[in-house]
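Residue-level structure breakdown
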Amino acid sequence: MHKTAFVWDDRYLNYSFPGNHPFKSLREAMTKKLLEERGAFHEIDIVPPKVISEELLSLIHTKEYIEFIKRKSEEGSGLLDEGDTPAFKGIFEAALIRVSGTVTAVELLQSYDHTINIGGGFHHAKRSQASGFCVFNDVALAIKLAERSFKKIALVDIDGHHGDGTQYLLYDDPKVLKVSLHMFHPRFFPGTGDEYEIGSGEGKGMTINIPLPPGTGDDMYLYAFNEIVVPKIKEFKPDLIFLLNGGDSYYEDPLVELKLSTKGYLEVVRTVHSLAHQFANGKLVMTGGGGYNYEATARIWALSIAEIAGLDFTEFETLEDCCLIASSEFVKKRVLEIVDKLKKIHGLSN
Ligand SMILES: [Zn+2]
Ligand SMILES: [Zn+2]
């Protein structure tokens with residue numbers, strides 16, 4: 001059984017930056033439509049988010065920061081960070097409903113195996129700072145709350161950017177294994193996430209960063225995933241897994257230069273899903289994340305949700321890319337070196 005809940009509220013669509021800004025909620029609307037057209041909601045329950053209180057939000061954000069966002073939300077102009085995240089009217093409410101969705105996804109684990117909030121995944125938001133189109137860090141908050149019912153939680157972040165906000169909010173937390181696979185290159189946002197960032201205090205060794213060079217294709221991405229992430233999760237034996245499924249590791253994403261196809265994405269999702277059944281009694285939360293090729297992101301999310309919910313794939317074939325993408329010899333060599341280094345850092349044998 002893969003009893004699955006899809007958390008959704010039409011107000012998610014309000015979280016969309018105006019003008020030429022790349023972050024558009026069109027992706028979420030397109031995903032829902034793809035699923036609807038294929039009858040997915042006969043099997044998957046749609047559940048509305050329960051709006052959380054500001055008090056709950058202040059578990060991970062400062063009161064001053066929350067007030068700042070409310071003020072900018074009323075003004076509806078200016079910037080929330082150094083330049084990537086502009087304010088718009090109602091951004092506070094739009095961000096709040098989406099954070100609430102991920103919190104609801106955790107609450108729903110009491111009656112569902114798998115819960116999905118494609119409206120979530122704001123992994124760049126810090127304690128008192130917006131960053132990279134992210135206002136409130138839904139993932140860090142939901143994980144903190146999940147710790148009340150789960151002992152060991154693994155977060156697998158496959159967004160093309162380093163999940164810096166989540167990492168730092170949970171950096172010293174020994175109960176959460178934080179894995180991020182992302183493109184790493186000088187001057188590429190957010191600039192953090194090299195292999196030596198491994199956690200602090202009691203959380204030392206519980207952060208695993210897999211910095212990948214531009215041009216990393218399905219082959220080497222999956223190699224790194226299978227050599228590092230899979231054995232680490234097997235060793236940790238989480239009782240809950242979070243998958244932050246950002247669609248911007250896709251080969252035609254305009255902001256990131258990784259080269260995953262839908263086939264590569266699905267391979268990762270399939271593995272994470274199977275690890276959830278193997279160790280966590282099936283408990284799996286999937287959020288969205290980045291994704292600036294809207295059409296591709298919608299396909300990635302629809303296919304991932306079908307996989308997680310155990311829906312018949314044959315109808316979804318039109319959503320799939322034809323083939324896996326191979327990396328160049330140069331990239332292969334680089335990724336082999338990084339994986340070797342990571343094995344030494346994290347005590348994995350060759
Ligand atoms: Zn399942
Ligand atoms: Zn991203």
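Worth saying up front: this structure is predicted, and the values here are computed from it rather than measured.

This part covers unusual backbone geometry. For residues other than glycine, phi is negative in most cases, and the peptide bonds are mostly trans. Cis geometry marks the peptide bond from Phe-189 to Pro-190; its omega dihedral reads -5°. Secondary-structure assignment places Pro-190 in the loop between strand E5 (176-183) and strand E6 (207-212). A positive phi angle is found at Arg-187, which is not glycine, with a value near 70°. Secondary-structure assignment places Arg-187 in the loop between E5 and E6.

This part takes up the coordination of the zinc ion (ligand 2). Of the protein atoms, only Asp-159 (OD), His-161 (ND1) and Asp-248 (OD) coordinate the zinc ion (ligand 2), at distances of 1.9 to 2.1 Å. Each donor residue of the zinc ion (ligand 2) lies on the same chain, and together they follow the pattern D-x1-H-x86-D. Accessibility expressed as a relative area gives 7% for His-161, which makes it buried.

Turning our eyes to something else, we now look at the coordination of the zinc ion (ligand 1). For the zinc ion (ligand 1), the full set of protein donor atoms is His-2 (ND1), His-114 (NE2), His-273 (NE2) and His-277 (NE2), at a range of 1.8 to 2.1 Å. Classification of the site at the zinc ion (ligand 1) as tetrahedral follows from its 4 donor atoms and the range of 100 to 127° in their angles at the metal. When the donor residues of the zinc ion (ligand 1) are listed from N- to C-terminus, their spacing reads H-x111-H-x158-H-x3-H. Remark: His-114 occurs in strand E3 (residues 114-117) and His-2 occurs in the segment before strand E1 (4-7); sequence separation between them is 112 residues. Note on His-114: relative accessible area 0%, which makes it buried.

Okay, the UniProt feature "domain: Histone deacetylase" (unreviewed entry) in the protein chain next. Under the feature "domain: Histone deacetylase" (unreviewed entry), the UniProt entry names residues 21-306. End-to-end, the C-alpha atoms of residues 21-306 are 29 Å apart, and along that stretch the chain is 39% helix and 12% strand.

What follows covers the sheet that holds E6. Pairing in this open sheet of 8 strands is parallel, and the strands run E2-E1-E3-E8-E7-E4-E5-E6 from one edge to the other. Two strands bound the open sheet, and with one partner strand each, they are strand E2 (45-47) and E6. Ignoring strand direction, the axes of neighbouring strands in this sheet form an average angle of 15°. In this sheet, E3 lies alongside E1 in parallel orientation, the contact comprising 3 bridges.

Once that is clear, we can look at the pattern of salt bridges. Oppositely charged side chains can pair when the atoms bearing their charge come close. This structure, assessed with the given rule, holds 24 salt bridges. Between Glu-37 and Lys-33 there is a salt bridge, with the nearest N and O atoms lying 3.1 Å from each other. Linking Glu-37 with Lys-33, this pair stays in helix H1 (residues 26-37), spanning 4 residues, or about one helical turn. Taking relative accessible area as the criterion, Glu-37 reaches 49% and is therefore assigned partly exposed. Residues participating in the shared-partner salt-bridge network are Lys-144, Glu-147, Asp-173 and Lys-175.

With that out of the way, let us pick up helix H10 (residues 329-345). For H10, built from 17 residues, the straight-helix expectation of 24 Å at 1.5 Å per residue is met to within 8% by its first-to-last C-alpha distance of 25 Å. Inspection of H10 places Val-331, Val-335, Ile-338, Val-339, Leu-342 and Lys-343 among the buried residues, and these make up the whole buried set. Buried residues in H10, looked at end-on, bunch into an arc of 140°, giving them a common side. Looking at H10, the residues exposed on the side facing more than 90 degrees away from the buried face are Glu-329, Phe-330, Lys-333 and Lys-344.

Right, let's talk about the state of the cysteines for a bit. Inspection of the entire model under this criterion finds 1 disulfide. Disulfide partner of Cys-322: Cys-323, at an S-S distance of 2.1 Å. On the S-S bond that ties Cys-322 to Cys-323, the torsion sits near -70°, and the link is left-handed. Given a relative accessible area of 65%, Cys-322 falls into the exposed group. Using a relative accessible area of 39% as the deciding quantity, one classes Cys-323 as partly exposed.

With that settled, the discussion passes to the packing of helix H7 (residues 218-236) against H10. Where H7 meets H10, the closest approach of the two axes is 10 Å, and the angle between their N-to-C directions is 10°. When the axis of H7 is compared with that of H10, the two are roughly parallel. In this structure, H7 uses Asp-219, Met-220, Tyr-223, Ala-224, Glu-227 and Ile-228 to contact H10, whose residues at the interface are Lys-332, Val-335, Leu-336, Val-339, Leu-342 and Lys-343. A per-class count over the contact of H7 with H10 returns 8 nonpolar, no polar and 4 charged.

About the thresholds
Residues numbered from 1 in each chain as written. Chains lettered and ligands numbered in written order. Predicted model: local features only at pLDDT ≥ 70, side-chain atom pairs only at ≥ 80, totals over all residues. Heavy atoms only, no water. Helix = DSSP H or I, 4+ residues; strand = E, 2+ residues; numbered from the N terminus. Donors = N, O, S within 2.8 Å, 3.2 Å for Na, K, Ca; no water. Buried < 20%, exposed > 50% of the residue type's maximum accessible area, 1.4 Å probe, protein only. Tetrahedral: all angles 85-135°; square planar, octahedral: opposite > 155°, others 65-115°. UniProt positions renumbered as here; feature names shortened; annotations may be inferred. Pairing = 2+ DSSP bridges. Axes fitted to C-alpha atoms, helices over the stretch in contact; angles between N-to-C directions. Salt bridge = Lys/Arg side-chain N within 4 Å of Asp/Glu carboxyl O. Expected span 1.5 Å × (residues − 1). Arc of directions from axis to C-beta. Disulfide = S-S within 2.5 Å. Parallel < 35°, antiparallel > 145°, perpendicular 65-115°, else oblique. Contact = heavy atoms within 4.5 Å. Nonpolar A, V, L, I, M, F, W, Y, C, P; charged D, E, K, R; others polar.

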